[in-house]
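Architecture and fold: a report
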Amino acid sequence: MDKSAFLQDLAQKLTPFETANMVDFMRHLTVKSALANPWFVFGFLIITFYAVVRKSKFVLAALFTSCSLLLLVRYTMPAEGDSLNLSTTLPFAFGGLAIGAFLIYLFFIKTE
């Protein structure tokens, strides 16, 4: 296989990782599709394994934040086509405050 054929094949295989395709993928990403996507699950497993083995408080806090925000958005945001109202905005706001309060406690108040 010559060099130009290899580069053509490589460019074709890397096309899904172009910026426009990645932005379009993230724009249409839902919680259900994220949890069904093996790339996200595998990435979270690798990061979790790293955080547990290295005992990294920062990485564990980042995992907690991303997972809790994922669940917060999933359960408090209205369905597509519905409008925001007080019954969906207040749980989102107080859930975000609870996540922030836990992170402040973890980093600044709790001592080991």
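Notes on the structure follow. Computed from a predicted model, the values in this text were never measured in an experiment.

**Description of helix α6 (residues 86-109)**
Here α6 spans 32 Å end to end across 24 residues, near enough to the 34 Å set by a 1.5 Å rise per residue. All of the buried residues in α6 are Thr88, Gly95, Ile99, Leu103 and Leu106. Contacts made by the buried residues of α6 are with α5 (57-76).

**Some thoughts on the environment of Phe102**
Topologically, Phe102 is positioned in helix α6. Put simply, Phe102 and Phe64 are 38 residues apart on the chain and 10.0 Å apart in space, counted from C-alpha to C-alpha.

**Details of the pattern of salt bridges**
Under the defined criterion, the tally for this structure stands at one salt bridge. One salt bridge connects Lys13 with Asp9, and the closest N-O pair in it is separated by 3.6 Å. Remark: Asp9 and Lys13 occur in helix α1 (residues 3-13); sequence separation between them is four residues, near one turn of the helix. Here Asp9 falls in the partly exposed class, since its relative accessible area comes to 29%.

What counts, and where the lines are drawn
Residues numbered from 1 in each chain as written. Predicted model: local features only at pLDDT ≥ 70, side-chain atom pairs only at ≥ 80, totals over all residues. Heavy atoms only, no water. Helix = DSSP H or I, 4+ residues; strand = E, 2+ residues; numbered from the N terminus. Expected span 1.5 Å × (residues − 1). Buried < 20%, exposed > 50% of the residue type's maximum accessible area, 1.4 Å probe, protein only. Contact = heavy atoms within 4.5 Å. Salt bridge = Lys/Arg side-chain N within 4 Å of Asp/Glu carboxyl O.

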